[in-house]
Amino acid sequence: MGRTNSASYKENIVLVARVGANAGQMQIGNAPCGVTDNTLVIDAKEWNYYIYYFLQHYNLNRLVFGSGQPLITGGMLKRIKVRYGCKAERNNITRLLCLIDERIATQNKIIEKLESLIKGIYSSILWKDYRLVSLSEIFIERNERTTTNNQYQVLSSTAKGLYRQSDYFDKEVASANNVGYKVLRLGDIVLSPQNLWLGNINYNDAFKIGIVSPSYKVFSIREGYNPYYVSCFLKTPKALYEYANASEQGASVVRRNLDVNAFMAICFPMPNRIMQDRISERVRAINMKLDIEKQVFEKLNIEKQYLLRQLFI
């Protein structure tokens, strides 16, 4: 998005991405704007909002063609037949969907504020001038292995979190024979040595037991440290910076080889256990609030999709 000295349009218009990865994506323009030739413009005056929501129901992505440079054309849009009722009905539909969109936007702002609050806590409270403690003092490497095939559920550690492999990939991608896989227990830390610098390190607070790839590193947390507090600083920007310094460029641009000794020598500021517990309790409460608000956000979007299906039959 850029800026222009003169606005091509000054009223509400429907903007459709014409080419590229976002081809078929839409936005309603409600402020004076200029439009490039990579964008298709629908200007049907008082019909604009109705058409905007109708096309969301229609799903323009099904018209996009081309793998190298995805594209949608104006001719395609002109051939779409829009179903509609009387003016009062159209106004009621757009009014309802506008209210839903406003509520979704408000919910998104709530989530952004909570995420900003958590980020502020992580960058200020967690990195105060506490006693520095190395990861070798906090972690104990575990090397428990499976002895039978499919002994426990297969888990995948990613930069986004820890998941059941069948849920994350919609299928099992592990080897058919997973004997010798590492066992991950509740409260353990798991990381990918090749992708640690990207944030692939996770605290297991969701699965009682599971198994992960033999290439992963698994650690338990020593007594005397609050596991949740430790998990809080594992993906902070400062932590990722330290992981990158402890990793060397591998054969791939994405994959790097972790120097385990350098990793274990990384130091983090650590308050006494009482302070760890207090901070953890507060951060956990905010994270729980964030999870609830994200669930509300998802339900609002599900409700909107339901309304789109029902209102444009």
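Residues numbered from 1 in each chain as written. Predicted model: local features only at pLDDT ≥ 70, side-chain atom pairs only at ≥ 80, totals over all residues. Heavy atoms only, no water.

**What to know about the overall build of the chain**
Applicable threshold: Helix and strand definitions here come from DSSP, where helices need a minimum of 4 consecutive H or I residues and strands a minimum of 2 consecutive E residues; each element is numbered from the N-terminal end. Put simply, the radius of gyration uses C-alpha atoms, and a globule should come to 2.2 Å times the residue count raised to 0.38. Using a 1.4 Å probe on the protein chains alone, a residue whose accessible area is under 20% of its type maximum counts as buried, one over 50% counts as exposed, and one in between counts as partly exposed. The contact definition used throughout considers only heavy atoms, calling two residues in contact when any of these lie within 4.5 Å. Under the convention used here, a 1.4 Å probe and the Shrake-Rupley method define accessible areas, while residue burial counts only the protein chains that appear. In this count, Lys and Arg are taken as positive residues and Asp and Glu as negative ones, while His and the chain termini are left out. The atoms used to mark charge sites are NZ of Lys, CZ of Arg, CG of Asp and CD of Glu.
Tallying secondary structure elements over the chain gives nine helices and 15 strands in all. The C-alpha atoms of the chain give a radius of gyration of 25 Å, which is well past the 20 Å a tight globule of 313 residues would have. Each principal axis of the C-alpha distribution contributes one length, and for the chain these read about 70 × 45 × 40 Å. A burial count over the chain gives 39% of its 313 residues as buried. Within the chain, contacts between residues separated by at least 24 positions form 74% of all contacts whose residues are at least 6 apart in sequence. Looking at the chain as shown, the accessible area adds up to about 18,300 Å², and 51% of this sits on carbon and sulfur atoms. Mean positive and mean negative side-chain charge positions of the chain (41 and 28 charges, respectively) differ by 4 Å.

**Regarding the sheet that holds strand β5 (residues 139-142)**
Inclusion rule: Strand pairing requires that DSSP identify at least two bridges connecting the strands. For helices, the axis comes from a line fit to the C-alpha atoms of the stretch in contact; other axes are also lines fit to C-alpha atoms, and the angle between any two N-to-C directions lies between 0 and 180 degrees.
Strand order in the open sheet formed by four strands is β5-β12-β9-β10, and the pairing between neighbours is antiparallel. With one partner strand each, in any of the chains shown, β5 and β10 (201-203) form the two edges of the open sheet. Strand-to-strand twist in this sheet, taken as the mean axis angle between neighbours without regard to direction, amounts to 30°.

**Thoughts on the sheet that holds strand β2 (residues 26-29)**
Hydrogen bonds between backbone atoms are what pair the strands of a sheet, whose relative direction is either parallel or antiparallel. Pairing in this open sheet of three strands is antiparallel, and the strands run β2-β1-β3 from one edge to the other. Each of the sheet's edge strands pairs with one partner strand only, and the pair in question is β2 and β3 (39-42). Strand-to-strand twist of the sheet, defined as the mean angle between neighbouring strand axes without regard to direction, takes the value 25°. Looking at chain direction, strand β1 (residues 13-17) and β3 are connected through four bridges and run antiparallel. Each bridged residue has a counterpart across the sheet, and for A17 the counterpart in β3 is T39. The strands touched by helix α1 (residues 48-58) are β1, β2 and β3; relative to β2, the strand with the most contacts, the crossing angle is about 170°.

**Points about the pairing of strand β7 (residues 161-164)**
Relative to β7, strand β6 (residues 155-158) runs antiparallel, the two being bridged by four bridges. Bridge assignment links T158 to a residue of β7, and that residue is G161. From the end of β6 to the start of β7, which pair antiparallel, there are two residues.

**Description of the environment of K299**
When you line up the elements, K299 lands in helix α9 (residues 273-311). Counting along the chain gives 195 residues from K299 to I104, while the straight-line C-alpha distance between them is 9.7 Å.

**Brief notes about the packing of aromatic side chains**
As a reminder, the rule being used: Note on aromatic pairs: the rings of Phe, Tyr and Trp (six-membered ring only in Trp) are paired at centre separations within 6.5 Å, and the planes decide the class, stacked below 30 degrees, edge-to-face beyond 60, tilted for the rest. Distance and angle both matter: a charge sits over a ring if NZ of Lys or CZ of Arg is within 6 Å of the ring centre and within 35 degrees of the ring normal.
This structure, assessed with the given rule, holds twelve aromatic pairs. Ring centres 6.1 Å apart and planes at 90° place the aromatic pair W47 and Y50 in the edge-to-face group. On the basis of relative accessibility, which here comes to 23%, the residue W47 falls in the partly exposed class. In this structure Y50 comes out as buried when scored by relative accessible area, which is 4%. Through a chain of ring-to-ring contacts, three or more aromatic side chains come together here, namely W47, Y50, F54, Y58, Y84 and F312. Between the NZ or CZ atom of R62 and the centre of the ring of Y58, over which it lies, the distance is 3.8 Å. Over the ring of W197 we find R256, and its NZ or CZ is 3.9 Å from the ring centre.

**A look at the side chain of N48**
Counting through the fold element by element, N48 comes out in helix α1. In contact with N48, not counting residues within four places along its chain, are N12, I13, V14, I28, I42 and D43.

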